[in-house]
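The lines below spell out each chain.
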Amino acid sequence: MLENEKKKKKKKQIFVVNDKTCYFVLRGSTSIITGSSDGIGEEFAYNYAKQDFNLVLISRTQSKLERVAEKCKEINPKIETIVHSVDLTLPRSDVEEDIQSLLEPLTISTLINNVGMAVDLEQFHLQPESPTFKTLTLNVKVQLWLTKWVIKRWVKNDSKGTILNLSSVSGCVGIPYLAVYSSTKGFTDTWSRSVVLELKHLKKDKDIVIHSLQPFFVSTSMTKIPVLPTVPHAKVIPTACQRQIGTNVSLGPYWIHSLLGIFLRSFPSVSIPVMRIVMIILTKWKKSHEKKKKKKKVN
Ligand SMILES: NC(=O)c1ccc[n+]([C@@H]2O[C@H](COP(=O)([O-])OP(=O)(O)OC[C@H]3O[C@@H](n4cnc5c(N)ncnc54)[C@H](OP(=O)(O)O)[C@@H]3O)[C@@H](O)[C@H]2O)c1
């Protein structure tokens, strides 16, 4: 490659350097964000739009995706956005081909495995089966095939990239009444750390940076909890995460949550009364919400 071209290519990259590694943004490259029509994924979309990334936004609801894409364009008119509406709990064979053919022509430099769901809080043995298995598909399986496809491509093309996987504090402590959800988040963290070790062996861990993000309760439609000192707005997560990229594989993107994680690991039984209170509040909230909905329909 000519020296000038090499210099130009280097100039295109913004390095956010710390002493261990560097996280790079290739101008004009694309970030894939799953579950980006709401909550944390939506905030990642705005954050990455600001940083000049083109975006592939994936979730079920086309109208919500279009609203997020429009807002991203308002934030940064230079970027391109592609939206893809699909139910990712459907069998892999029904969804994978469309997504791969959408991604094939793009220069991908970030994958944010954000999509996830939690079912109603309940004792494990009383949980209905169907949502349990949907949770396994959405929280575990989707990130596996998407990540495998992206890493294979990066290794083959000798490219660089970043992968952010949404785990949770619940994944490192085990949370009652959320047994399946917290186990899937534990899987995400262990899997992320294992793949990082494999990349280290291939001497690719500086080129392919993987993190598992571990927030606790965040105010989104998943938790339905208002913003509180211990429950931040979703926009806090991408901003905090950006500052920590290149440090530990498992990141605590909100310092209060990291402290709560340490506390819960030391005193796991404390989570029982805490989660029972959350369960009571959410059940009451759900009942009054449903009543209001019914009243609206009658009027
Ligand atoms: N909120 C928290 O307290 C918290 C804490 C720790 C970790 N996390 C993790 O962070 C991630 C995001 O959570 P969040 O609270 O931002 O969730 P959220 O507000 O409920 O948003 C979930 C996103 O996923 C999409 N989605 C849901 N089901 C889908 C499906 N079957 N197929 C395709 N897309 C689907 C939703 O869009 P559509 O409805 O349009 O499909 C939405 O864009 C999750 O992995 C969660 O486990 C959350």
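The rules behind each value
Residues numbered from 1 in each chain as written. Predicted model: local features only at pLDDT ≥ 70, side-chain atom pairs only at ≥ 80, totals over all residues. Near = placed C-beta within 6 Å. Helix = DSSP H or I, 4+ residues; strand = E, 2+ residues; numbered from the N terminus. Nonpolar A, V, L, I, M, F, W, Y, C, P; charged D, E, K, R; others polar. Buried ≥ 20, exposed ≤ 12 C-beta atoms within 10 Å, placed from the backbone. Arc of directions from axis to C-beta. UniProt positions renumbered as here; feature names shortened; annotations may be inferred. Pairing = 2+ DSSP bridges. Expected span 1.5 Å × (residues − 1). Contact = placed C-beta atoms within 7 Å. Right-handed = clockwise from strand over helix to strand, strands pointing away. Core = buried A, V, L, I, M, F, W, Y, C linked by C-beta atoms within 7 Å. Axes fitted to C-alpha atoms, helices over the stretch in contact; angles between N-to-C directions.

1. Some thoughts on the site of the ligand
Working step 1: Taken together, 29 residues surround the ligand, and among them Gly-35, Gly-39, Arg-60, Thr-61 and Gly-116 come closest.
Working step 2: Ranked by residue count, the leading element in the shell around the ligand is helix H2 (residues 39-50), at 3 residues.
Working step 3: Its residues assigned to classes, the shell around the ligand comprises 11 nonpolar, 14 polar and 4 charged.

2. Let's talk about helix H8 (residues 236-244)
Working step 1: All buried positions along H8 are accounted for by Ile-237, Pro-238 and Cys-241. Angular distribution of buried residues about the axis of H8 spans 90°; they occupy a single face of the element. Structural note: H8 exposes Thr-239 and Arg-243 on the side pointing more than 90 degrees away from its buried face.
Working step 2: Once H8 ends, the next one or two residues include Gly-246, with phi positive near 95°.

3. Quick notes on the UniProt feature "transmembrane region" (unreviewed entry) in the chain
Working step 1: Feature annotation in UniProt assigns "transmembrane region" (unreviewed entry) to the following positions: residues 162-181 and 262-285.
Working step 2: Between the first and last C-alpha atoms of residues 162-181 the distance is 25 Å; the span itself is 35% helix and 25% strand.
Working step 3: Across residues 262-285 one finds 83% helix and 0% strand; the C-alpha atoms that close the span lie 29 Å apart.

4. Examining the pairing of strand S8 (residues 208-213)
Working step 1: Counting buried residues along S8, 5 of its 6 residues qualify, which places the element largely inside the surrounding structure.
Working step 2: Inspection of the sheet shows strand S7 (residues 161-166) paired to S8 by 6 bridges, in the parallel sense. Paired with Leu-166 across the bridge in S8 is Leu-213.
Working step 3: The pairing of S8 with strand S9 (residues 250-251) spans 2 bridges and is parallel. Across the sheet, Leu-213 pairs through a bridge with Leu-251, a residue of S9.

5. Quick look at unusual backbone geometry
Working step 1: Positive phi values are uncommon outside glycine, yet Lys-203 reaches one of about 60°.
Working step 2: Using a count of 8 C-beta atoms within 10 Å as the deciding quantity, one classes Lys-203 as exposed.
Working step 3: Of note, the phi angle at Lys-224 is positive, near 60°, even though the residue is not glycine.
Working step 4: Along the chain, Lys-224 turns up in the loop between S8 and H8.
Working step 5: The exposed category is assigned to Lys-224, around which 12 C-beta atoms lie within 10 Å.

6. Re helix H9 (residues 255-266)
For an α-helix the count is 3.6 residues per turn, leaving residues at separations of three or four pointing the same way.
Working step 1: With 12 residues, H9 should cover 16 Å at 1.5 Å per step; its first-to-last C-alpha distance of 17 Å lies within 8% of that length.
Working step 2: All buried positions along H9 are accounted for by His-257, Leu-260, Gly-261 and Leu-264. An end-on view of H9 places all buried positions within 105° of arc, on one side of the element. Away from its buried face by more than 90 degrees, H9 exposes Trp-255 and Ser-266.
Working step 3: Lining the buried residues of H9 we find helix H6 (170-173) and helix H10 (271-298).

7. Focus on the pairing of strand S3 (residues 30-34)
Working step 1: With respect to burial, S3 is a largely interior element, 5 of its 5 residues being buried.
Working step 2: The side-chain alternation of S3 yields two buried faces, one formed by Thr-30, Ile-32 and Thr-34 and the other by Ser-31 and Ile-33.
Working step 3: Bridge analysis of S3 against strand S4 (residues 54-59) gives 5 bridges, and the strand direction is parallel. Within S4, the residue paired with Ile-32 across the bridge is Val-56.
Working step 4: Note that the unit made of S3, H2 and S4 has a crossover that is right-handed.
Working step 5: Where S3 lies against strand S6 (residues 108-113), 4 bridges are found, and the strand directions are parallel. Pairing of Ile-33 across the sheet is with Ile-112, part of S6.

8. What to know about the nonpolar core
Working step 1: Counting residues in hydrophobic clusters, the biggest one holds 43 residues, and the most contacted among them are Ile-32, Ala-45, Leu-55 and Leu-57.
Working step 2: Setting aside anything within four residues of it in sequence, one finds Leu-55 in contact with Thr-30, Ser-31, Ile-33, Ala-45, Tyr-48, Ala-49, Cys-72, Ile-79 and Thr-81.
Working step 3: Grouped together as the second largest cluster of nonpolar side chains are 10 residues, Val-169, Val-173, Tyr-181 and Leu-264 included.

9. With respect to the sheet that holds strand S5 (residues 81-85)
Two strands in a sheet stick together by hydrogen bonds in their backbones, pointing the same way (parallel) or opposite ways (antiparallel).
Working step 1: Taking strand neighbours across the sheet as the criterion, the 7 strands line up as S5-S4-S3-S6-S7-S8-S9 in an open arrangement whose pairing is parallel. The sheet is open, and its two borders are formed by S5 and S9, each paired with just one other strand.
Working step 2: This element, helix H4 (residues 92-103), spans S3, S4, S5 and S6 of the sheet and lies at about 175° to S5.

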